[in-house]
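These are the residues of each chain, in order.
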Amino acid sequence: MLRMKVELSTVLITGWLALAPLSFGADTDLAGGLKGDANRGKPLYKRYCVGCHGVYGDGTGENGVYLDPRPRDFVAASFKCRSTPTGTLPLDSDLFATITRGVYASGMPSWLPLEAQARADLLAYIKDFSPRFKEEKPGEPLQIPPEPEVNQESVGRGEAVYQKMECWKCHGKEGRGNGRSASTLTDSKDRPIVPYDFTTGDRFKCGTSNEDLYRIFMTGLDGTPMPSFRDNIQPAEAWDLVHYLRTLQTRVKK
Amino acid sequence: MAGGLMKGHLRGAACTLGLLVGIVAITSQTAQAIPAFARKYGLPCSACHEAWPKLNNFGITFRDNGYQLENERDAPIYQHPAYFPISFRITPQWHRETNNRVAVDIVPGQASSGLTERAITTSGFDLSGLDLWTAGTLYNNISFQVLPSSDENASFHFESAWIRFDNIAHSRWVNVKFGKHELDTPISEKRFLTLTQSGGFYQLYHYLPASDLNGFALGDNQLGVELMGHSQNSYTRYAVSVLSSNDGQPGLPSNQTYDVYGDFSQAFVVPKFGVQRVGAYGYSGRSPTYFLTSGGVPIPGTGQGNKPFYRTGVYGIWYVGKVDFSTLYMRGQDNAYLGTGTAAGLAGLPDGAQSPTWNGGFVEAHYTWSPQLVFVGRYEAVRMSRQALPVGSQLSDGTTVTDSLGNTTAWVGGLRWYPIMSSRAGVALHLEYAHVLTKGTSPVTGSDVRSSSVMGGFDFDF
């Protein structure tokens, strides 16, 4: 008997994002029993991905040189959007979420219109580009504590964290991405990179929620100068910082 | 005898005119594949197109989003100033056209000699029309499309020209399009894979009973305003349009009435098979039965005696791995005044007149071996379930009514091979054979008409 799933993708995305921090050891299977097949993923990669990410998955597709930021190098296996500690591999659910959501302010679109199985198959094929996925296990996913209440005190503490951690050196005193170090930043490929401008809206590289922003502080954006602050700030301070940064956003979509 | 010759002359003239109009309409390239999008976003053509110009679901979603990927790089300000959202498409080809019953003078060169029917075959190297297509965004959430399209002699018209306000109130469910545009349907005649004179359009989308006055065709782009909405992955889609009753012809040539169109579809995933889609549509319109005249010449825009018609149906798009099927059923009906060519208000209906009604459907299959090789086959049938006049009657053009008058059966087969596929340009070797049988419509004897097309060409765009 055939099961018909109507718009399950939307439900699945929400479910996966919620479950990602809790999916210990679930690094080969996705939630809901979805298993990717690299053999099925190969023709999908050729259809959808090769133009940017290249035949060898190293980000040197024919259009890669025209994109800023450049397409992800799957061979290096260094990913921005993870729920795992800096320097470690992401979970399958992290990569699946990136494929589904896309990457804001980049050439990476949301592949939500593809059925979930197709995205899982793509994920399985992409992992084949790097030996790291065979030699290493993903890091231990971050546990995100519940968000405390947003209030003036939290915002004030967050501003203090912003000052103490010297976020302003890159992101600028008003969060416009124009800190004094901004013009000197390069990514892991020695290409110029600009810090995020918090005043441009409510979408981040790796999501839109407060949890996504929290996760970015605590795991860093590998391959970029954005480090992990997991060893430098407490979870409560990270939430305060989230609350402060939200006040910098002057063009928030409802 | 003289009366028969006169009717034959009228039928011959009407059919010749119809043939000429058909040739102009059919060889005008209709195209919806735009490498400019691939250049803008760096995606290969295969990201949006099953095999261009046919869209896959990612492409449908991109189009529904107002030609935006919604990654904050959509507005023109983010593009290199040298980028211009324009693409060209044309198809140089060799083709052969055959029609088994064309009205010809009995003595060539002497119109007074009367008409007979002959099979005529023409063949040779030729050009299609040219599409000069530009589309994209004017700003975040303001998209547009302008498509000047020519016939093979570079005579241009506007195939489409519209502006669309996308995601109004930040909602995907509210998008408003204004201008000349294709009616919203996932089974698009503008993005299909057949190009010949006999096979390059859906019979159902253009079908009219013999001597019907209606100028409407579902496959023609229309002028009006469309409200459209979709879910985030475009699995759920709807569209409602209000259109001028002029079949998309600019210059207000018809009448003062307005038509309404609606479409709804829902896609769903069947494990191991892929994304399936079902939908339904309906069009309700009015068409004039006569015009005011000056010196006997019809005055544009003065359509009178407007009478109703409708087209309605259901469709499905089914995927089974590399094979997909598009299936469509349609029912159409025109008012008896339209069907009998009677000027409402000036003349009474003939005895026994009734609203002509027809049913039809097609199955079109594609085997997409890869984004660079696709096979296509289509079978289509239109059957009159009620003629405008009783069997044995004579229509205004002299045609004798039979049960099967106008019934049409068509089938098409072909392939497209894309030797290159990049985000800069595309080229397809296109091979196609199409055959159409129409019952009882030959211009002189009222016999069955068979026409066929064979084509080999290079369909390229950049």
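Thresholds applied
Position labels on residues start from 1 in each chain and follow its written sequence. Chain A is the first chain written and ligand 1 is the first ligand written, with later ones labelled in order. In view of the model being predicted, local features appear only for residues whose pLDDT reaches at least 70, and side-chain atom pairs are presented and counted only at 80 or more, with totals across whole chains, interfaces and linings using the full set of residues. Delimitation of the domains relies on an automatic or database domain assignment. Just so you know the grouping, Ala, Val, Leu, Ile, Met, Phe, Trp, Tyr, Cys and Pro go in nonpolar, Asp, Glu, Lys and Arg go in charged, and all remaining residues, Gly too, go in polar. Each helix corresponds to a stretch of at least 4 residues labelled H or I by DSSP, and each strand to a stretch of at least 2 residues labelled E; elements are numbered beginning at the N terminus. The pLDDT score gives, residue by residue, the confidence of the prediction method on a 0 to 100 scale. We call two residues in contact whenever the C-beta atoms placed from their backbones are within 7 Å. For helices, the axis comes from a line fit to the C-alpha atoms of the stretch in contact; other axes are also lines fit to C-alpha atoms, and the angle between any two N-to-C directions lies between 0 and 180 degrees. With respect to orientation, any angle under 35 degrees is reported as roughly parallel, any angle over 145 as roughly antiparallel, any angle of 65 to 115 as roughly perpendicular, and every other angle as oblique. In this scheme, a crossing is called left-handed if the near helix is turned counterclockwise away from the far one by less than a right angle; it is called right-handed if the turn is clockwise. For the purposes of this analysis, a nonpolar core is taken to be any set of buried Ala, Val, Leu, Ile, Met, Phe, Trp, Tyr and Cys residues that are connected through C-beta atoms within 7 Å. Once C-beta atoms are placed from the backbone, each residue is buried if 20 or more other C-beta atoms lie within 10 Å of its own, exposed if 12 or fewer, and partly exposed for counts between those two. Expected span, for any helix, means 1.5 Å times one less than how many residues it has. Should DSSP find at least two bridges between two strands, the strands are regarded as paired.

Colleague: Hey, could you run me through the domain arrangement of chain A in this one?
Modeller: Interface size is commonly expressed as the accessible area that is lost once the parts come together. Per the domain assignment, the segments making up chain A are domain 1 (8-135) and domain 2 (152-246). By residue class, the composition of the side of domain 1 of chain A that touches domain 2 of chain A is 6 nonpolar, 5 polar and 4 charged.

Colleague: How should unusual backbone geometry be read in this particular structure?
Modeller: Negative phi is the rule for most residues except glycine; trans is the rule for most peptide bonds. With an omega dihedral of 0 degrees, the bond running from Asp68 of chain A to Pro69 of chain A counts as a cis peptide bond. Mapped onto the secondary structure, Pro69 of chain A falls in the loop between helix H3 (50-53) and helix H4 (92-101). Omega for the peptide link from Trp52 of chain B to Pro53 of chain B comes to 10 degrees, which places this bond in the cis form. Here Pro53 of chain B is to be found in the loop between strand S1 (49-51) and strand S2 (54-55). Positive phi values are uncommon outside glycine, yet His170 of chain B reaches one of about 60 degrees. Relative to the assigned elements, His170 of chain B resides in the loop between strand S8 (156-165) and strand S9 (175-181). A positive phi is found at Lys272 of chain B, a non-glycine position, where the angle reads about 75 degrees. Among the structural elements, Lys272 of chain B can be located in the loop between strand S12 (258-270) and strand S13 (274-287).

Colleague: What is the right way to look at the confidence of the model for chain B in this model?
Modeller: The predicted coordinates should not be examined in detail at positions where pLDDT is low. All names here are of chain B. For chain B, per-residue confidence averages 89 on the pLDDT scale, and residues scoring 70 or more make up 93% of the total. Low pLDDT, under 50, characterises residues 1-29; the stretch is placed with 44 contacts to residues that sit more than four places away or in other chains. This complex was scored by the predictor with a pTM of 0.84 and an ipTM of 0.81.

Colleague: Mind showing me how you'd approach the packing of helix H9 (residues 210-219) of chain A against helix H10 (residues 235-246) of chain A here?
Modeller: Two measures define how a pair of helices packs: the angle their axes make with one another and the distance between the axes. All names here are of chain A. Direction vectors running N to C along H9 and H10 enclose 120 degrees, while the axes themselves pass 9 Å from each other. Put simply, H9 runs oblique to H10. Classified by chirality, the crossing of H10 by H9 is right-handed. In this structure, H9 uses Asn210, Leu213, Tyr214, Phe217 and Met218 to contact H10, whose residues at the interface are Ala238, Trp239, Leu241, Val242 and Leu245. Class assignment of the residues belonging to the contact of H9 with H10 gives a composition of 9 nonpolar, 1 polar and no charged.

Colleague: What is the right way to look at the interface of chain B and chain A in this model?
Modeller: In this assembly, 29 residues from chain B lie in contact with 30 residues from chain A. Of all the secondary structure elements, the ones that give two or more residues to the side of chain B that touches chain A are helix H3 (45-48), helix H4 (57-64), S12 and S13 of chain B. A breakdown of the residues in the side of chain B that touches chain A according to their chemical character gives 13 nonpolar, 14 polar and 2 charged.

Colleague: Just checking my understanding: could you explain the nonpolar core for this structure?
Modeller: In a soluble, globular protein the nonpolar side chains are often hidden away together inside. Ranked by size, the top nonpolar core spans 48 residues in total, and within it Phe96, Ile99, Ala120, Leu122 and Leu123 of chain A together with Phe37 and Cys48 of chain B carry the most contacts. Among the elements that make up this core, the one with the highest residue count is helix H5 (residues 116-127) of chain A (8 residues). With residues up to four places along the chain from it excluded, the contact list for Ala120 of chain A reads Leu30, Leu34, Lys35, Gly36 and Phe96 of chain A.

Colleague: Would you mind showing me how to read H5 of chain A here?
Modeller: For the α-helix, the turn length of 3.6 residues means that residues three or four positions removed from each other point alike. Taking 1.5 Å as the rise per residue, H5 of chain A with 12 residues should run 16 Å; its terminal C-alpha atoms sit 17 Å apart, in good agreement. Listed as buried for H5 of chain A are Ala116, Ala118, Arg119, Ala120, Asp121, Leu122, Leu123, Ala124, Tyr125, Ile126 and Lys127 of chain A.

Colleague: When you look at the pairing of strand S4 (residues 93-107) of chain B in this model, what are you seeing that I'm missing?
Modeller: Across a regular strand the side chains alternate sides, sitting on one face of the sheet and then on the other. All names here are of chain B. Where S4 meets strand S5 (residues 110-126), 12 bridges bridge the pair, whose relative direction is antiparallel. Looking across to S5, one finds that Trp94 is bridged to Phe125. Counted along the chain from S4 to the antiparallel partner S5, the turn is 2 residues long, and its residue Gly109 has a positive phi close to 95 degrees. One ladder, built from 7 bridges, connects S4 with strand S22 (residues 449-461); its direction is antiparallel. Residue Arg96 lies in a different strand from S22, and its bridge partner there is Val454.

Colleague: Is there a simple way to think about H4 of chain A in this case?
Modeller: Residue and element names in this part refer to chain A. Within H4, 10 of the 10 residues are buried, leaving the element largely enclosed by the surrounding structure. Among the residues of H4, Asp92, Ser93, Asp94, Leu95, Phe96, Ala97, Thr98, Ile99, Thr100 and Arg101 are the ones counted as buried. Immediately downstream of H4, the backbone of Gly102 shows phi near 80 degrees, a positive value.

Colleague: Please explain the environment of Pro69 of chain A as it appears in this structure.
Modeller: All names here are of chain A. Residue class for Pro69 comes out buried when judged on the 21 C-beta atoms lying within 10 Å of it. Distance from Pro69 to Ala118, taken between C-alpha atoms, is 25 Å for residues 49 residues apart in sequence. Excluding residues that lie within four positions of it along the chain, Pro69 makes contacts with Ser106 and Ile193.

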